[in-house]
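# Structural overview
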Amino acid sequence: HCLAMRAVCQREIDCDRGNGYSWKITLLRNYWKSKVKQEWLSGKYSNIPSQFSLPEKSMYPMDVDTWGEILEAELER
């Protein structure tokens, strides 16, 4: 699971591992983030009519670099 998440959240996982978190804690810290980030990066929420159209679990606390990646992906579409 960690390797699959790392494909989406490489920076976050490498940072957690560098800070000494175990694989289990790293998985718990990044599992939902990777799911939400992958949906955003894939364009699932690119053409929504309003913020009220977003599913309940479409948001997750992410750092500015992660949102930057998402915005860059949107600009490339």
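About the criteria used
Residues numbered from 1 in each chain as written. Predicted model: local features only at pLDDT ≥ 70, side-chain atom pairs only at ≥ 80, totals over all residues. Heavy atoms only, no water. Salt bridge = Lys/Arg side-chain N within 4 Å of Asp/Glu carboxyl O. Phe/Tyr/Trp six-rings, centres within 6.5 Å; stacked < 30°, edge-to-face > 60°. Buried < 20%, exposed > 50% of the residue type's maximum accessible area, 1.4 Å probe, protein only. Helix = DSSP H or I, 4+ residues; strand = E, 2+ residues; numbered from the N terminus. Arc of directions from axis to C-beta. Axes fitted to C-alpha atoms, helices over the stretch in contact; angles between N-to-C directions. Parallel < 35°, antiparallel > 145°, perpendicular 65-115°, else oblique. Contact = heavy atoms within 4.5 Å. Nonpolar A, V, L, I, M, F, W, Y, C, P; charged D, E, K, R; others polar.

Under an unreviewed UniProt entry, the name given to the protein chain is FBX48 protein, and the organism recorded is Melospiza melodia.

## Side note on the pattern of salt bridges
All chains considered together, the criterion is met by nine salt bridges. Residues Arg6 and Asp14 are paired through a salt bridge, measuring 2.9 Å at the closest nitrogen-oxygen approach. Among the salt bridges present, the one from Glu39 reaches Lys44, with a minimum N-O distance of 3.6 Å. The structure contains a network of salt bridges with shared partners spanning Arg11, Glu12, Lys37, Asp63 and Glu69.

## Quick notes on the packing of aromatic side chains
Enumeration according to the criterion identifies three aromatic pairs in this entry. Here Tyr31 and Trp32 contribute two aromatic rings whose centre-to-centre distance is 5.3 Å and whose plane-to-plane angle is 80 degrees, an arrangement assigned as edge-to-face. We classify Tyr31 as partly exposed; its relative accessible area is 28%. Judged by relative accessible area, Trp32 falls into the partly exposed class, the value being 47%. Consider the rings of Trp40 and Tyr45, whose centres lie 4.9 Å apart with planes at 55 degrees: the pair is tilted. Just as Trp40 is buried, Tyr45 falls in that class too. One aromatic cluster is present, built from ring pairs that chain together Trp40, Tyr45 and Trp67.

## Quick look at helix 2 (residues 10–18)
Buried within helix 2 we find Glu12, Ile13 and Asp16. Seen end-on, helix 2 carries its buried residues on one side only, within an arc spanning 95 degrees.

## Here's the deal with the packing of helix 3 (residues 23–41) against helix 4 (residues 64–76)
At a minimum axis separation of 9 Å, helix 3 and helix 4 run at an interaxial angle of 25 degrees. As far as their axial angle goes, helix 4 and helix 3 are roughly parallel. In contact with Lys37, Trp40 and Leu41 of helix 3, helix 4 contributes Thr66, Trp67, Glu69, Ile70, Ala73 and Glu74. For the contact of helix 3 with helix 4, the residue count by class is five nonpolar, one polar and three charged.

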